[in-house]
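# Structural characterization, general
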Amino acid sequence: MRFTKMHGLGNDFVLVNGFREKIEGDMGQLARRICDRRFGIGSDGLIFLLPSDVADIKMRMFNPDGSEAEMCGNGIRCLARLAYEEGLVRGTVIRVETLAGVVVPELILDGGKVSQVRVDMGEPKFLRREIPMLGEGDTAVEIPLEVEGEIWKGTCLSMGNPHCVIFVPRVEEAPVSEVGPRLEHHPLFPQRTNVEFIEVQSPAEIKMRVWERGAGETLACGTGACAAAVASALTGRTAREVVVHLTAGDLKIEWAANNHVFMSGPAVRVFEGIYYLET
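Residues numbered from 1 in each chain as written. Predicted model: local features only at pLDDT ≥ 70, side-chain atom pairs only at ≥ 80, totals over all residues. Heavy atoms only, no water.

## So, the overall build of the protein
Just so we agree on the cut-off: Secondary structure counts use DSSP, requiring at least four H or I residues in a row for a helix and at least two E residues in a row for a strand, with both numbered from the N terminus. Radius of gyration: C-alpha atoms only; globule rule: 2.2 Å multiplied by the number of residues to the exponent 0.38. The rule is simple: take the accessible area with a 1.4 Å probe, protein chains only, and divide by the maximum for that residue type; under 20% is buried, over 50% is exposed, in between is partly exposed. Two residues qualify as a contact provided that any one of their heavy atoms is within 4.5 Å of a heavy atom in the partner residue. Method for areas: the Shrake-Rupley scheme with a 1.4 Å probe, in which residue coverage is limited to the protein chains shown.
For the protein, the helix and strand inventory stands at 4 helices and 18 strands. Relative to the 2.2 N^0.38 estimate, which gives 19 Å for 279 residues, the radius of gyration of the protein is 18 Å and therefore close to what a compact globule would have. Its C-alpha atoms give the protein principal-axis dimensions of about 50 × 40 × 35 Å. Classification of the 279 residues of the protein by burial places 54% in the buried group. Considering only residue pairs separated by 6 or more positions, the protein has 60% of its internal contacts joining residues 24 or more positions apart. Element-wise, carbon and sulfur atoms account for 47% of the exposed surface of the protein, whose accessible area totals about 12300 Å².

Structural data, given as C-alpha cells:
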C-alpha cells in the first residue's frame, strides 16, 4: 500500500490515497500497526482520502490506538494539500466530509506552491450534550474536575470532537502525561476527551501542550488549538484572535464574528513509500 508521510507542526500522519489504493479489512487494526514507531511507519494518526457523496473528498482518521476520530485539525491541513497536489480536487477551496460534518480548508499559495492552509473549523459547541459531557448544568465553563483528590478547573467544548481546556501558570511544568490520561478517561466524558494545558502569555498569545485522546501527548493539535483559543476568549483571558505557540511552531486562530473558528498553519510533505500489508 502506497502512502505519504506528512506533518503539521510535528503532529505527523500517514496518508493513504483511497482513490488509488484498495483498502480492505479493519482500518483501526491497520492504524495500530502503521502508527507504531518501532514496528510500523510511526505517526500520530492514519488518514484515508476517500470519495464523498456530499463533498469534494472524504476524510477518515484513525488514532494510534485504533479509535476513529471525528476530526483532526492538523490532519485536515495535510489532507487538503495532498488532495490538491495529487489532482484529486480542483481549486484551492476544498469541501471535506468528516464525522464532524463538512469542513472547508483553503490552500494559500506562494509562487504556485502551498505555503499555508486556512481552515474554517466551524462553530464551537458548548452544551454538555453536544460535547458530549455528563454532569449538572447546560455548559461547563471553568468547572471543578477531580483527579485523584486534586481539583483542576476545566472549560469544556466541542470543535467536532471533545476538548477540556485547563489554564496553568507555566505550561512547561504542567503534568501533561500524569493528569492528561486521567482527564481523558474521566467518567464525565462518555467518549473520552482531548486535554489542553494552556499558559496565557498576553491577550494575543497563548502557549499550549496537549494530551490527545487515543494518541497521548503530541507536538500539536489543530482542534485543540481552536478549543484553547475559544476557551481563552470565552473566559476573558484573551482577544478572539490569538497565536497559539506549540512545541514545533505556531498556529493562528481566529474566533470570528460569525461564530466560526478559523485556523491557519503549515502542512508539510516529508516522504512517500510502500507499506507491506500482512497476508
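Now, onward.
## A closer look at the packing of aromatic side chains
What counts, and what does not: Paired rings are identified among Phe, Tyr and Trp, the last through its six-membered ring, by centres lying within 6.5 Å, and are further divided according to the angle between planes into stacked (under 30 degrees), edge-to-face (over 60) and tilted (the rest). Working rule: Lys NZ or Arg CZ, within 6 Å of ring centre, within 35 degrees of ring normal, means a charge sits over the ring.
The tally for this structure, following the rule as stated, stands at 4 aromatic pairs. Consider the rings of W152 and F197, whose centres lie 6.4 Å apart with planes at 90°: the pair is edge-to-face. In this pair, W152 is assigned in strand β10 (residues 150-158) and F197 in strand β12 (residues 194-202), connecting sequence segments 45 residues apart. Over the ring of F167 we find R237, and its NZ or CZ is 3.9 Å from the ring centre. Lying over the aromatic face of W255, R240 brings its terminal NZ or CZ to 4.0 Å of the ring centre.

## Here's the deal with the layout of surface pockets
Our working rule: As defined here, a cavity is a set of points on a 1 Å grid over the protein atoms alone where a 1.4 Å probe fits but cannot get out. A pocket is an open set with protein on both sides within 12 Å along at least five of seven lines, and residues line them when an atom is within 4 Å of a point. Grid points are joined across faces, edges and corners, and a volume is the space filled by probe spheres set on the points. Note that Gly is not counted as nonpolar here; it falls among the polar residues with everything else outside the nonpolar set of Ala, Val, Leu, Ile, Met, Phe, Trp, Tyr, Cys and Pro and the charged set of Asp, Glu, Lys and Arg.
The calculated volume of the largest pocket comes to roughly 250 Å³. In terms of lining residues, the largest pocket is bounded by 15 residues, among which A100, V103, M121, G122 and E123 are the most central. Take the lining of the largest pocket: its biggest share by element is 4 residues, from strand β7 (residues 101-110). When grouped by side-chain class, the residues that make up the lining of the largest pocket number 7 nonpolar, 5 polar and 3 charged. Size it by volume and the second largest pocket reaches roughly 190 Å³. What lines the second largest pocket is M1, K22, I23, E24, G25, D26, Q29, L30, R33, L277 and E278. Counted by class, the lining of the second largest pocket contains 4 nonpolar, 2 polar and 5 charged residues.

## With respect to the pattern of salt bridges
Stated precisely, the cut-off is as follows: Between Lys or Arg on one side and Asp or Glu on the other, a salt bridge is scored when a side-chain nitrogen of the former is within 4 Å of a carboxyl oxygen of the latter.
The final tally for this structure, using the stated rule, is 21 salt bridges. The partner of D12 in a salt bridge is K5, and the shortest N-O contact between them spans 3.3 Å. For the pair shown, D12 and K5 are each scored as buried. A salt bridge links E142 to R237; the shortest N-O distance between them is 2.8 Å. Of the two residues, E142 is situated in strand β9 (residues 140-147) and R237 in the loop between α4 (222-234) and β15 (241-246); the sequence distance between them amounts to 95 residues. Sharing partners across several salt bridges, the network here consists of R81, E85, E86, R269 and E272.

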